[in-house]
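Observations on the three-dimensional arrangement
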Amino acid sequence: MSTFLNKSPVFGPVTSRRFGVSLGVNLMPATGKICTFDCLYCENGLDAQRRTHDGYTGLGQVTDALERTLADMAERGEHLDDICFAGNGEPTASPTFPQAVDVALALRDRYAPDAHVTVLSSGTQAGRPAVHAALMRVDRNVLKLDTVDPAYVAALDRPKVPYDVERQIETLASFSGHVIVQTIFLRGSYEGRSFDNTDEGHVGAWLSALVRIQPRGVTIYTVDRDTPAAGLTKAPRDALDTIARRVRELGFPCAVGY
Ligand code: SF4
């Protein structure tokens, strides 16, 4: 198992193929994970391995750390492509997430006006009005939809909050295109249950959901290191390529991470 926790409230910058030079904003504590899902593939580890008594980081602390880092980077002439809400769990579940978005947008405008502001989220809180409005204000609203099979979601993503797939599709559609759908494809087994969302049953229904959502983009990927739940394996490259081609045939840009 090779999982890790991020520093808090700011980590990086890291360089990614998707976002370029990206500075992470982690509203969760550095000591553990707080999420609305407990995905078997989570790179932060399973909840049971990452329990913490600490809560979300306060807005003042987030503001100070982000401003200090951005000001230092600007002073050193360091280029920044992206400010990304991610980290040890689910950023949108923080009670100050909407305010933190506004802080990030204002600091971006002041110190790195060319950078994008991105949110990576499970999407479980995206229907809450204040969260929805905040996600509409960011440049990249990246929300998860691993499958539309409720039993598969329950086994793989393991929601800890009420999660209804139909309602989730409606929530994603309610962004009127201001959403990038992110989906992990994988195979394998865990505790006697087999996993494979690359088969036609899963892919066909998921493509139909994309048509309803009308996202501005889709990102598909697979596990790229050992998962905390042993037994899950990569989806084959040709399966990902086939899925990406079908997404593009529907008219949606699709990025693939192998
Ligand atoms: S939604 Fe993301 S952070 Fe939360 S458990 Fe799943 S992979 Fe980990």
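Quick note: structure is the one above.
Below, the structure is looked at part by part. (Residues numbered from 1 in each chain as written. Predicted model: local features only at pLDDT ≥ 70, side-chain atom pairs only at ≥ 80, totals over all residues. Heavy atoms only, no water.)

Looking now at the overall build of the protein. For the protein, the count of helices and strands is seven helices and 11 strands. Taking 258 residues into account, the globule formula puts the C-alpha radius of gyration at 18 Å, and the protein, at 18 Å, falls close to it. Looking at the protein alone, contacts between residues at least 24 apart form 73% of all its contacts between residues at least 6 apart. Accessible surface, the protein: about 11,200 Å² in total, of which carbon and sulfur atoms supply 50%. Of the charged side chains in the protein, 27 are positive and 31 negative, and the gap between their average positions amounts to 1 Å. (Helix = DSSP H or I, 4+ residues; strand = E, 2+ residues; numbered from the N terminus. Rg over C-alpha atoms; globule rule 2.2 N^0.38 Å. Contact = heavy atoms within 4.5 Å. Areas by Shrake-Rupley, 256 points an atom, 1.4 Å probe, with all protein chains shown as cover. Lys, Arg positive; Asp, Glu negative; His and termini not counted. Charge placed at Lys NZ, Arg CZ, Asp CG, Glu CD.)

Take the nonpolar core next. One finds Phe 85, Trp 206 and Ile 220 to be the most contacted residues of the largest nonpolar core, which totals 74 residues. If you tally residues by element for this core, the top one is helix H2 (residues 97–111), at seven residues. (Core = buried A, V, L, I, M, F, W, Y, C linked by side-chain atoms within 4.5 Å. Buried < 20%, exposed > 50% of the residue type's maximum accessible area, 1.4 Å probe, protein only.)

A few words now on helix H3 (residues 129–137). When we look at burial in H3, the residues that qualify are Val 131, His 132, Ala 134 and Leu 135. All buried residues of H3 fall inside an arc of 165 degrees around its axis, so they share one side. (Arc of directions from axis to C-beta.)

Overall, the coordinates contain zero disulfides when judged by the stated rule. Here Cys 84 is not disulfide-linked; the sulfur of Cys 35 is the nearest cysteine sulfur, at 14 Å. Exposure remark for Cys 84: the relative accessible area of 6% places this residue in the buried category. (Disulfide = S-S within 2.5 Å.)

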